[in-house]
There are 2 protein chains.
Amino acid sequence: MSDREQVRIEVAAQRSGLTKRAIRYYEELGLIQPTGRSESGHRLYTAVDIRRLEKIRMLRETVGLSLLEIQQLLEAEAALEEVRERYRRSAGTDERMALLQEAIASVSSQLRLITRKREALAQLQVEYEDRLARLRAALADLASEPAARGA
Amino acid sequence: MSDREQVRIEVAAQRSGLTKRAIRYYEELGLIQPTGRSESGHRLYTAVDIRRLEKIRMLRETVGLSLLEIQQLLEAEAALEEVRERYRRSAGTDERMALLQEAIASVSSQLRLITRKREALAQLQVEYEDRLARLRAALADLASEPAARGA
DNA sequence: GCAGGAGTTTACGTCAACGGAAGTTTCCCG
DNA sequence: CGGGAAACTTCCGTTGACGTAAACTCCTGC
């Protein structure tokens, strides 16, 4: 039953690494909805909620997306879920194929964005690795030949 | 001599994909300094300047760094250049090794940040690729068996 | 030689992403 | 059951990253 554990905002903040203010703000923007509220109106978060908060944080801090981009990404995921539902209920093969193609286009689009970012980072990484390699080579050079040498 | 070409801010903006305002702002923050000014005070940019502007833009828009982070990154590069100079002038092997180790530590630190970001993106990418693969499999499934099937 | 299209500085405006204080209610422990 | 910690809403403040307008100078083609 630990998965059904309900925690208040302070604990949710600690576990997600966000501030209480940020969590409320994200709720205001529609990025997250606490699973429920206590009788007196206190927000209650489950493990699922906290994973979502962690994901938002990762996308924000590590990946560097704006809250708008995160919102669109999460909405796209939700839309995909909805397509799943419609898919189950849809009767015709043509209809199903259309739904799938729509979903594929959406995911592909998100994927392209991610790939572009990764490529930019990869370029940077190579640059820095090169630099590091040269520095290490110079160091090894110095270490192996302690005698005086030309420039 | 096309490398010595000096262009004014409008052209620099077009070539770098930034706005004139952004360029002036970056200068205000110390991210870039135009190679020179015309007699009348107009900023003049060279190809080197424009490459720097493009790099800033890439770090900002694609990688998603803040201007502060970009500033630190560029300053670290400049510091590295300075170490290079000191290195050339330094006499003792011990001194040179110390300089190299300092530089290595600095570059390694930057590299770790980049790697962390890439890993976060890689995780996302895998997630999306999985999803895409499943959608494509479902589509292929449908295409190959147009007859009615169970859920 | 002058109109108007760029350039300059200075300054205020704006939007995102929260921070922080005020005023109030709720929880919980001794 | 009383009081301090924590939650709630509301609102104003702030910082980053520019946009935009004003007031002025500069340069160029006709």
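Keep in mind the model is a prediction, meaning the values are calculated, not measured.

(A) Molecular detail of the packing of aromatic side chains. Applying the stated criterion to the full structure yields two aromatic pairs over all chains. Aromatic pair Tyr-25 of chain A and Tyr-26 of chain A: ring centres 6.4 Å apart, planes at 45 degrees, arrangement tilted. Judged by its relative accessible area of 35%, Tyr-25 of chain A falls in the partly exposed class. Above the ring of Tyr-87 of chain A, the side-chain terminus of Arg-96 of chain A is found at 4.4 Å from the ring centroid. Above the plane of the ring of Tyr-128 of chain B lies Arg-131 of chain B, whose end atom (NZ or CZ) is 5.0 Å from the centre.

(B) Seen up close, the pattern of salt bridges. Tallying each qualifying case throughout the model produces 20 salt bridges over all chains. With a shortest N-O distance of 2.6 Å, Glu-27 of chain A and Arg-43 of chain A are connected by a salt bridge. Here the residue Glu-27 of chain A occupies a position in helix α2 (residues 20-29), and Arg-43 of chain A occupies one in strand β2 (residues 43-44), the gap between them amounting to 16 residues. The class of Glu-27 of chain A is buried, set by a relative accessible area of 13%. Put simply, Arg-15 of chain B and Glu-5 of chain B hold a salt bridge, and the shortest N to O gap is 3.6 Å. With Arg-15 of chain B in helix α1 (residues 9-16) and Glu-5 of chain B in the segment before α1, this residue pair connects regions lying ten residues apart in the sequence. What emerges from the salt-bridge pattern is a single network uniting Lys-55 and Glu-77 of chain A together with Glu-127 and Arg-131 of chain B.

(C) Summary view of the nonpolar core. Grouped together as the largest cluster of nonpolar side chains are 78 residues, with contacts concentrated most on Ile-23, Tyr-26 and Ile-70 of chain A together with Ile-23, Tyr-26 and Ile-70 of chain B. Residues within four places of Ile-23 of chain B in sequence aside, it is in contact with Ile-9, Ala-12, Ala-13, Ser-16, Leu-18, Ile-32, Tyr-45 and Leu-53 of chain B.

(D) Fine view of the relation of the copies chain A and chain B. Rotating chain A by 180 degrees and moving it 0.0 Å along the rotation axis overlays it on chain B with an RMSD of 0.1 Å. The transformation relating the two chain copies, once decomposed into turn and shift, fits a two-fold axis. Using C-alpha coordinates, one finds that chain A approaches the rotation axis most closely at Gly-64 of chain A, a distance of 2.5 Å. Taken as a fraction of all interface residues of chain A, those also at the interface in chain B reach 100%, which identifies the copy contact as same-surface.

(E) Inspection of the domain arrangement of chain A at higher detail. Residue and element names in this part refer to chain A. You can read the domains of chain A as domain 1 (1-64) and domain 2 (66-146). Distance from the C-alpha centre of domain 1 to the C-alpha centre of domain 2: 25 Å. Contact with domain 1, which involves eleven residues of that partner, is made by nine residues of domain 2. Summed over both partners, the interface of domain 1 with domain 2 buries about 870 Å², with 70% contributed by carbon and sulfur atoms. Here domain 1 and domain 2 share one salt bridge between them. A salt bridge links Glu-77 to Lys-55; its shortest N-O distance comes to 3.0 Å. Remark: the boundary between domain 1 and domain 2 carries two residue pairs in polar contact (both at pLDDT 80 or more). If you list the elements that add at least two residues to the side of domain 1 that touches domain 2, you get α2 and α3 (47-63). Top contributing element to the side of domain 1 that touches domain 2 by residue count: α3, with six residues. Residue classes in the side of domain 1 that touches domain 2 are distributed as seven nonpolar, one polar and three charged.

Conventions and cut-offs
- Residues numbered from 1 in each chain as written.
- Chains lettered and ligands numbered in written order.
- Predicted model: local features only at pLDDT ≥ 70, side-chain atom pairs only at ≥ 80, totals over all residues.
- Heavy atoms only, no water.
- Phe/Tyr/Trp six-rings, centres within 6.5 Å; stacked < 30°, edge-to-face > 60°.
- Buried < 20%, exposed > 50% of the residue type's maximum accessible area, 1.4 Å probe, protein only.
- Lys NZ or Arg CZ within 6 Å of the ring centre and 35° of its normal.
- Salt bridge = Lys/Arg side-chain N within 4 Å of Asp/Glu carboxyl O.
- Helix = DSSP H or I, 4+ residues; strand = E, 2+ residues; numbered from the N terminus.
- Core = buried A, V, L, I, M, F, W, Y, C linked by side-chain atoms within 4.5 Å.
- Contact = heavy atoms within 4.5 Å.
- Least-squares fit on C-alpha atoms with pLDDT ≥ 70 in both.
- Domains from an automatic or database assignment.
- Buried area = accessible area lost by both parts, 1.4 Å probe.
- Polar contact = N/O pair within 3.5 Å; in protein donor to acceptor, adjacent residues only side chain to side chain.
- Nonpolar A, V, L, I, M, F, W, Y, C, P; charged D, E, K, R; others polar.

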